[in-house]
Amino acid sequence: MTYCVGLLVNAGLVIISDTRTNAGIDNISTYKKLHTLVDDDERLIVVASAGSLSVTQSMLSMLKEGLPCLDDTGVPRRVETQHTMFRVAQLVGEALATARRSIGQTLTGTKINANASILLGGRLGDGHLALYLVYAEGNFIECQPDAPFMQIGELKYGKPILDRALNWESPLDEAVKVALMSFDSTMRSNLSVGLPFDLIAIPNDPERKTVRLRIEADDSYFALLSSEWGRLLNESRAVIPDPPFLHAD
């Protein structure tokens with residue numbers, strides 16, 4: 001199991017993924033799930049993946065080599081040559097669906113799951129940042145201001161904090177903080193999600209620096225965040241009045 005979250009607020013884009021793979025309680029390892037498709041002067045496009053590693057690896061290889069040409073030019077279709085983020089999402093969706101069908105056929109009759117999903121984010125030139133959730137079938141939806149986050153993988157434990165604490169006007173540092181609280185809550189409830197995490201934060205202002213980092217198990221900030229978040233949750237019980245119906249005559 002894995003957990004990835006993407007947040008698109010007015011201040012910028014944040015994508016975080018865990019790195020844990022789990023093939024049983026005695027076979028837990030780490031694997032990078034946040035990948036850069038393109039990073040040059042004209043575009044910055046990244047993906048985070050959840051689900052079958054063989055499917056997502058195949059998808060990434062297909063995108064690197066280029067998808068088959070659809071005209072008489074003979075030029076493969078690549079992420080680098082797409083003119084909008086919508087076209088990039090279409091290409092990624094096609095590659096994901098193709099990889100899933102191909103690998104799924106070889107797994108017929110087994111209990112191995114060939115499903116995968118993708119968070120796709122970034123921008124072209126000085127255009128707006130965009131975030132998409134791409135499903136295993138290749139279709140996708142775009143993140144909107146009224147619901148400025150998307151999740152894949154083990155999403156149910158981290159969703160409540162995102163629903164309560166994140167909105168379109170959240171500053172970028174607040175968005176990162178809320179995303180990490182979401183990861184902390186997920187780790188508490190599901191041991192198949194764990195550190196280290198890979199993070200990218202892309203400010204809406206293209207003049208500001210993009211932040212990329214790996215949050216390791218001994219990261220002091222995440223340890224502080226986890227400790228303080230837990231303490232404040234416990235202290236909130238003293239602020240909220242006891243339920244009156246338990247003391248009714």
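Preceding this section is the structure that the text describes.
As a starting point, this report considers the structure included with it. (Residues numbered from 1 in each chain as written. Predicted model: local features only at pLDDT ≥ 70, side-chain atom pairs only at ≥ 80, totals over all residues. Heavy atoms only, no water.)

Digging into the sheet that holds strand β10 (residues 149–153)
Next, step 1: One open sheet holds the five strands; their spatial order is β10-β1-β2-β11-β12, and the pairing between them is antiparallel. This sheet does not close on itself; its edge strands, each paired only once, are β10 and β12 (211–215). Recorded for the sheet is a direction-independent mean angle of 10° between the axes of neighbouring strands.
Next, step 2: Strand direction decides the pairing type here: strand β2 (residues 12–18) and strand β11 (residues 197–203), joined by seven bridges, are antiparallel. If you follow L13 over to β11, its bridge partner there is I202. (Pairing = 2+ DSSP bridges. Helix = DSSP H or I, 4+ residues; strand = E, 2+ residues; numbered from the N terminus. Axes fitted to C-alpha atoms, helices over the stretch in contact; angles between N-to-C directions.)

Thoughts on unusual backbone geometry
Of all residues except glycine, most have a negative phi; of all peptide bonds, most are trans.
Next, step 1: Cis rather than trans, the peptide bond between L195 and P196 has omega equal to 0°.
Next, step 2: Looking at the secondary structure, you find P196 in the loop between α4 (172–189) and β11.

Re helix α2 (residues 85–106)
Next, step 1: With 22 residues, α2 should cover 32 Å at 1.5 Å per step; its first-to-last C-alpha distance of 32 Å lies within 8% of that length.
Next, step 2: Every buried residue of α2 is accounted for by M85, V88, A89, L91, V92, G93, A95, L96, A97, A99 and I103.
Next, step 3: Buried positions along α2 lie against β5 (34–39), β6 (43–51), α1 (53–65), β7 (116–124), β8 (130–134) and β9 (140–142). (Expected span 1.5 Å × (residues − 1). Buried < 20%, exposed > 50% of the residue type's maximum accessible area, 1.4 Å probe, protein only. Contact = heavy atoms within 4.5 Å.)

Topic: the pairing of β10
Next, step 1: Summarising burial for β10: four of the five residues are buried, a large majority.
Next, step 2: Sheet analysis places strand β1 (residues 3–9) next to β10, joined by five bridges and oriented antiparallel. Within β10, the position partnered with C4 by the bridge is I152.

Details of the nonpolar core
Next, step 1: Counting residues in each nonpolar core, the largest one holds 28 residues, and the members touching the most others are L37, M59, L63, V92 and L120.
Next, step 2: Broken down by secondary-structure element, the contributors of at least two residues to this core are β5, β6, α1, α2, β7 and β8.
Next, step 3: With residues up to four places along the chain from it excluded, the contact list for L120 reads L37, I45, V46, V47, M85, V88, A89, V92, A130, L131, Y132 and V134.
Next, step 4: I16, L162, V176 and W229 belong to the second-largest nonpolar core, a separate cluster that totals 27 residues. (Core = buried A, V, L, I, M, F, W, Y, C linked by side-chain atoms within 4.5 Å.)

Details of helix α5 (residues 220–239)
Turn by turn, an α-helix covers 3.6 residues, leaving residues three or four places apart pointing in a common direction.
Next, step 1: Here α5 spans 29 Å end to end across 20 residues, near enough to the 28 Å set by a 1.5 Å rise per residue.
Next, step 2: All buried positions along α5 are accounted for by F222, L225, S226 and W229. Here the buried residues of α5 occupy an arc of 100° about the axis, which is enough to place them on one side. Facing away from the buried side of α5, by more than 90 degrees, are the exposed residues S220, A238 and V239.
Next, step 3: Contacts made by the buried residues of α5 are with α3 (159–165), α4, β11 and β12.
Next, step 4: Two or three places before Y221, at the opening of α5, D219 has a side-chain oxygen 3.1 Å from that residue's backbone nitrogen. (Arc of directions from axis to C-beta. Polar contact = N/O pair within 3.5 Å; in protein donor to acceptor, adjacent residues only side chain to side chain.)

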